Amino acid sequence: MDSTDRLRNRWLDTAAGILQEPDPGVARNQLNDALLESFRAFAAVRAPLAMTGGLGGISIFGQYASLDTPAWPLAVERAGTDHPVFAYHNATADPLPVTLVEVGERGWPVSEFAASMIERLGLSPHQLSLPLATAGAESATYGFVSDGAYLERDRETALCLQPIVRGLDAHIRMLESLSPAPAAAPERPLTPREKLVLALVARGCTAEGIAARLCVSPRTVHKHQENLYRKLGAVDRLSAVLRAQQCGLLPQQPARADDRPGFYAGNSHTPFDTASVSASASI
């Protein structure tokens, strides 16, 4: 298999994985990993082209030598005018991939300030830009930094991948916009026993079933349920489970046949139940 086939297969797998992934964070990491590999980059950035006013909207990934240096805010603030690649895209609106060497040859050389920032941030002059858009509010680019020089074949690879990267990036941004912000955790944290009762409620166990598993009375289980409902701001079993999922107290996952609230399949203990009961303090 030659390099072209490997690249094609890599991006077919990447696209399939991203399009099937409901979590935008996981999808973004999949895209980032494929980009770093395809462009032999040790560091990369996804950034708006008009990079002024702080660090908002900038995504840094890869293995940067230094991420805690005081130089970062200054570099970001002045990147739109002082970094040759960003300045070039902002001035020309050229939508094609380009290297740092190429923009220097076109009249945007590395300034003394830009050179000092590259050195202070532990980067290299081997940089490649893959624009997503170069005009309007959505103008942004991916920038890659490599240990070795970017050649014409790398620019051709970027040009080939540009449409699919644009599409996948737009897909992930849409997922990010649709994802609700995580709900705040309860002001009063749940006790270990309340968490256990909540987990069993989420599995669909009745109060009697929970009592049998925990070797307590149903009345005690009802008391725990009342407490966790109050802490979660819930009114019933379903709203408690949904609220707990929003707060990260329970995993977001589809219910199985025996996981429906109100459904109890018997007294069989899973390994989770056995371990949880054994570890729980007596009431």
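Read on for an overview of the structure. Predicted, not measured: the structure shown is a model, and the values here were computed from it.

1. Regarding the pattern of salt bridges
Logical step 1: Inspection of every chain in the model, using the stated rule, returns twelve salt bridges.
Logical step 2: Here Glu 176 ties to Arg 28 by a salt bridge, and the two come within 3.5 Å at their closest N and O atoms. On the criterion of sequence distance, the pair formed by Glu 176 in helix α7 (residues 152-178) and Arg 28 in helix α2 (residues 24-38) is long-range, its members being 148 residues apart.
Logical step 3: You can call Arg 28 buried: its relative accessible area is 11%.
Logical step 4: Here Arg 173 and Asp 169 are joined by a salt bridge, their closest N and O atoms 3.0 Å apart. With Arg 173 and Asp 169 both in helix α7 and four residues apart, the pair spans about one turn of that helix.

2. Some thoughts on the pairing of strand β5 (residues 140-146)
Logical step 1: Counting buried positions along β5 gives seven out of seven residues, so the element sits mostly inside the fold.
Logical step 2: Burial along β5 is two-sided: Ala 140, Tyr 142, Phe 144 and Ser 146 facing one way and Thr 141, Gly 143 and Val 145 facing the other are all buried.
Logical step 3: Both strand β4 (residues 127-133) and β5 contribute to a ladder of six bridges, which runs antiparallel. Residue Pro 131 lies in a different strand from β5, and its bridge partner there is Thr 141.
Logical step 4: Counted along the chain from β4 to the antiparallel partner β5, the turn is six residues long, and its residue Gly 136 has a positive phi close to 85°.

3. Some points on the nonpolar core
Logical step 1: Judged by nonpolar contacts, the single largest core of 24 residues is most densely connected at Trp 11, Leu 31, Leu 35, Phe 39, Tyr 142, Phe 144 and Val 165.
Logical step 2: Counting residues per element, the ones that place at least two in this core are α1 (3-20), α2, β1 (41-48), β4, β5 and α7.
Logical step 3: Residues contacting Val 165, with those up to four places away along its chain left out, are Trp 11, Leu 35, Leu 130, Leu 132 and Tyr 142.
Logical step 4: The next biggest cluster of nonpolar side chains, apart from the first, holds 22 residues, and it includes Leu 200, Cys 205, Ala 211 and Leu 228.

4. Things to note about the packing of aromatic side chains
Logical step 1: What the rule picks out here adds up to four aromatic pairs.
Logical step 2: Between Tyr 88 and Trp 108, the ring centres sit 5.1 Å apart and the planes meet at 80°, which makes this aromatic pair edge-to-face. Note that Tyr 88 is positioned in helix α4 (residues 84-92) and Trp 108 in the loop between α5 (100-105) and α6 (112-120), a separation of 20 residues in sequence.
Logical step 3: For Trp 108, a relative accessible area of 25% translates into the label partly exposed.
Logical step 4: These aromatic residues form a ring-pair network of at least three members: Phe 39, Phe 61, Tyr 142 and Phe 144.

Reading the values: the criteria
- Residues numbered from 1 in each chain as written.
- Predicted model: local features only at pLDDT ≥ 70, side-chain atom pairs only at ≥ 80, totals over all residues.
- Heavy atoms only, no water.
- Salt bridge = Lys/Arg side-chain N within 4 Å of Asp/Glu carboxyl O.
- Helix = DSSP H or I, 4+ residues; strand = E, 2+ residues; numbered from the N terminus.
- Buried < 20%, exposed > 50% of the residue type's maximum accessible area, 1.4 Å probe, protein only.
- Pairing = 2+ DSSP bridges.
- Core = buried A, V, L, I, M, F, W, Y, C linked by side-chain atoms within 4.5 Å.
- Contact = heavy atoms within 4.5 Å.
- Phe/Tyr/Trp six-rings, centres within 6.5 Å; stacked < 30°, edge-to-face > 60°.

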